[in-house]
Structures are given as C-alpha cells and as structure tokens.
Amino acid sequence: MNICVFLSAADLDERYTRPAREFAELLGKGGHTLVWGGSDSGLMKVVADGAHETGGRLVGVSVEFLANKARPGADEMIIAADLAERKRLLLEKADAVVIMVGGTGTLDEATEILELKKHGRTDKPVVLLNTAGFYDGLEQQFRRMEAEGFLPRPLAELVFFADEPAGALAHLEERLGRR
C-alpha cells in the first residue's frame with residue numbers, strides 16, 4: 001500500500017518525533033511505501049528514516065523552491081513546479097493518507113483531501129493521527145461542522161481519528177487490505 005503522510009518538516013521534540021517514527025517503522029515493516037513531501041529535514045526526515053530503515057520504499061514529491069532540501073537516495077523523487085502540483089502528485093501516488101502534526105502547509109493538505117472526499121472526488125481512506133492531542137481543537141471544529149450541517153456526509157466517512165500509530169495503520173490495512 002502506498003501511504004501518503006502529510007506532516008511538518010520542522011524539528012520537533014520527542015512527543016511528536018517518537019510517534020512519527022513509530023508509524024514509519026510500522027509502515028516499513030508492513031512492506032508499505034511512504035509517499036511524502038520529499039524533505040530530508042525535521043519530522044519528514046524522521047518518517048523517511050524510520051520507513052527506509054525497516055524496509056519501506058520511499059517516494060518523495062518535492063517542489064522546485066525546496067528541491068535543495070530533498071532527500072538524497074529516495075527510491076523515487078519527483079520535483080513539482082508548485083505546491084498545487086505537489087499535492088496533486090502526492091494524492092495520485094497514494095492509496096491512503098495519514099495526517100500527522102504540522103503547520104499551515106499540513107492543514108492545507110488535510111483540508112484539501114477532506115474537501116475532495118466530501119465531494120466524492122476520491123474515496124481514499126484518511127487518518128488524522130492526533131499525537132499528544134495536537135488536533136483536539138480541529139476535531140472539535142469538524143464535529144461542530146458536522147452537527148450544524150456544514151458537511152454533506154458524516155464525518156466518519158471523511159476521516160478516521162487515531163491517537164496511536166498502530167491504530168492508524170491498522171485502520172488503513174483494514175480498509176484497503178494488506179497491499
């Protein structure tokens with residue numbers, strides 16, 4: 001299974017790096033492919049290292065203005081012209097999406113995939129890995145949107161909330177089978 005991971009390229013502390021690495025190691029041990037933003041820095045590097053060291057294949061999709069930060073030695077590295085093309089290519093390459101901790105770029109990627117699902121433009125499973133309660137407020141906002149009629153489909157059809165890496169991967173494997 002090709003799993004796209006949206007996450008930060010920032011250097012973060014152990015409460016965020018440990019679960020990210022754990023997920024990546026599970027991904028690699030499961031024989032899955034990591035599809036990610038291609039960066040060799042911060043949390044993106046942690047995930048790429050964890051997947052690679054446990055046998056996972058690495059498919060990076062970077063963007064021209066960040067190409068100097070692209071991970072050397074990825075199994076495949078694509079350089080997109082801009083952020084819109086990057087998101088499109090990341091989603092094209094993926095069977096499923098996991099959203100980890102991140103900033104505005106990660107939030108943009110998360111809302112785009114949920115918008116695509118909301119309108120039936122994709123049926124790829126999406127998991128929001130809520131490490132250390134990072135996305136508690138976002139989950140609350142999504143639930144309010146659902147309760148007040150802003151989502152035409154039940155929230156559970158759009159995204160699965162997981163607190164632990166193993167639960168995130170188990171959900172994807174259940175939804176898609178062990179590809």
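Residues numbered from 1 in each chain as written. Predicted model: local features only at pLDDT ≥ 70, side-chain atom pairs only at ≥ 80, totals over all residues. Heavy atoms only, no water.

Draft legend 1. Quick look at the nonpolar core. Membership of the largest hydrophobic core comes to 30 residues, with the highest contact counts inside it found for Ile3, Val5, Phe23, Leu34, Val98 and Met100. Looking at this core, the elements with two or more residues in it are strand 1 (2-6), helix 1 (14-29), strand 2 (33-36), helix 2 (42-53), strand 5 (96-99), strand 6 (126-129) and helix 7 (165-176). For this core, the leading source of residues is helix 2, giving 6 residues. Here isoleucine 3 is in contact with Phe23, Leu27, His32, Thr33, Leu34, Val35, Ala96, Val98, Leu169 and Leu172, once residues within four sequence places are set aside. The next biggest cluster of nonpolar side chains, apart from the first, holds 26 residues, and it includes Val35, Leu90, Ala110 and Leu138. (Core = buried A, V, L, I, M, F, W, Y, C linked by side-chain atoms within 4.5 Å. Buried < 20%, exposed > 50% of the residue type's maximum accessible area, 1.4 Å probe, protein only. Helix = DSSP H or I, 4+ residues; strand = E, 2+ residues; numbered from the N terminus. Contact = heavy atoms within 4.5 Å.)

Draft legend 2. Inspection of the pattern of salt bridges at higher detail. Enumeration according to the criterion identifies 18 salt bridges in this entry. The shortest N-O distance in the salt bridge between arginine 88 and glutamate 85 comes to 3.8 Å. Of this pair, arginine 88 and glutamate 85 are both found in helix 3 (residues 83-93), 3 residues apart, which corresponds to roughly one turn of the helix. Judged by its relative accessible area of 42%, arginine 88 falls in the partly exposed class. With a closest N to O distance of 3.2 Å, glutamate 157 and arginine 153 form a salt bridge. (Salt bridge = Lys/Arg side-chain N within 4 Å of Asp/Glu carboxyl O.)

Draft legend 3. Molecular detail of helix 2. Taking 1.5 Å of rise per residue, 12 residues should cover 16 Å, and helix 2 covers 17 Å from first to last C-alpha, within 8% of that figure. With respect to burial, helix 2 is a largely interior element, 9 of its 12 residues being buried. For helix 2, the full list of buried residues reads Gly42, Leu43, Met44, Val46, Val47, Ala48, Asp49, Gly50 and Ala51. In the core, the buried residues of helix 2 are packed alongside helix 1, strand 2, strand 3 (57-63) and helix 3. Downstream of helix 2 by one or two residues, glycine 55 has phi in the positive range, about 100 degrees. (Expected span 1.5 Å × (residues − 1).)

Draft legend 4. Local environment of the side chain of serine 39. When you line up the elements, serine 39 lands in the loop between strand 2 and helix 2. Its relative accessible area of 8% is what places serine 39 among the buried residues. Dropping the residues within four chain positions of it, serine 39 is found in contact with Ala9, Met44, Lys45, Lys69 and Arg71.

Draft legend 5. Broad picture of the packing of aromatic side chains. This model, assessed by the stated rule, comprises 2 aromatic pairs. Seen from their ring centres, tyrosine 16 and phenylalanine 134 are 5.8 Å apart, and the 80 degrees between their planes marks the pair as edge-to-face. Highlighted residues: tyrosine 16 in helix 1 and phenylalanine 134 in the loop between strand 6 and helix 5 (136-147), separated in sequence by 118 residues. On the accessibility criterion, phenylalanine 134 (35% relative accessible area) is partly exposed. Between the aromatic rings of phenylalanine 134 and tyrosine 135, the centroid separation amounts to 4.8 Å while the plane-to-plane angle is 85 degrees, which identifies the pairing as edge-to-face. (Phe/Tyr/Trp six-rings, centres within 6.5 Å; stacked < 30°, edge-to-face > 60°.)

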